[in-house]
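Read off the chains here:
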Amino acid sequence: LWRDYDPAGGFLFWEVIDLVRKLFLASLVLFLDPEHGSSNMQRLFFATLLSGFYLVVLAFARPFKRSEDLYFAGTANFFLMCCFASG
């Protein structure tokens, strides 16, 4: 889990950040209750917002040793954000 991250930059914790993001996108977004004014569009909005924020943080932090890993992670997150934005 830690081999691909840059230890010189102090990014050995990046996997924890990524797991929290995945946990939010997979399950915590379901706690936005539709009975109290929340709709599926609001869930998609928050998921898109979180994916966009993570993409910006990923681009600035550059936590990977190899640039190919960074490009792959950024591209995958961009396409995920596009899927959320398209509904």
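Quick caveat, the model's predicted, so the values are computed rather than measured.

1. With respect to the packing of helix 2 (residues 40-61) against helix 3 (residues 67-86)
Reasoning step 1: Viewed as axis vectors pointing N to C, helix 2 and helix 3 meet at an angle of 160°, and their least axial separation amounts to 9 Å. When the interaxial angle is binned, helix 2 and helix 3 end up roughly antiparallel. With respect to the hand of their crossing, helix 2 and helix 3 are arranged in left-handed fashion. When helix 2 is examined against helix 3, the residues Leu 44, Ala 47, Thr 48, Ser 51, Gly 52, Tyr 54, Leu 55 and Leu 58 are found in contact with a partner set consisting of Leu 70, Ala 73, Gly 74, Asn 77, Phe 78, Leu 80, Met 81, Phe 84 and Ala 85.
Reasoning step 2: Residues belonging to the contact of helix 2 with helix 3 are distributed by class as follows: 12 nonpolar, 5 polar and no charged.

2. Notes on the pattern of salt bridges
Reasoning step 1: All told, the structure shown has 3 salt bridges when counted by the stated rule.
Reasoning step 2: A salt bridge links Arg 66 to Asp 69; its shortest N-O distance comes to 3.0 Å.
Reasoning step 3: Using a relative accessible area of 47% as the deciding quantity, one classes Arg 66 as partly exposed.
Reasoning step 4: One network of salt bridges, with partners in common, ties together Asp 18, Arg 21 and Lys 22.

3. A closer look at the environment of Trp 14
Reasoning step 1: Its place among the elements puts Trp 14 in helix 1 (residues 14-26).
Reasoning step 2: A residue is classified by how much of its surface remains accessible, and Trp 14, at 3% relative accessible area, is buried.
Reasoning step 3: Separated by 44 residues in sequence, Trp 14 and Leu 58 have C-alpha atoms that sit 9.7 Å apart.
Reasoning step 4: The residues touching Trp 14, leaving out its near neighbours within four places in the chain, are Tyr 5, Tyr 54, Val 57, Leu 58, Ala 61 and Pro 63.
Reasoning step 5: Of note is the side chain of Trp 14, whose polar atom sits 3.1 Å from the side chain of Tyr 54.

Procedures and definitions
Residues numbered from 1 in each chain as written. Predicted model: local features only at pLDDT ≥ 70, side-chain atom pairs only at ≥ 80, totals over all residues. Heavy atoms only, no water. Axes fitted to C-alpha atoms, helices over the stretch in contact; angles between N-to-C directions. Helix = DSSP H or I, 4+ residues; strand = E, 2+ residues; numbered from the N terminus. Parallel < 35°, antiparallel > 145°, perpendicular 65-115°, else oblique. Left-handed = near helix turned anticlockwise from the far one by under 90°. Contact = heavy atoms within 4.5 Å. Nonpolar A, V, L, I, M, F, W, Y, C, P; charged D, E, K, R; others polar. Salt bridge = Lys/Arg side-chain N within 4 Å of Asp/Glu carboxyl O. Buried < 20%, exposed > 50% of the residue type's maximum accessible area, 1.4 Å probe, protein only. Polar contact = N/O pair within 3.5 Å; in protein donor to acceptor, adjacent residues only side chain to side chain.

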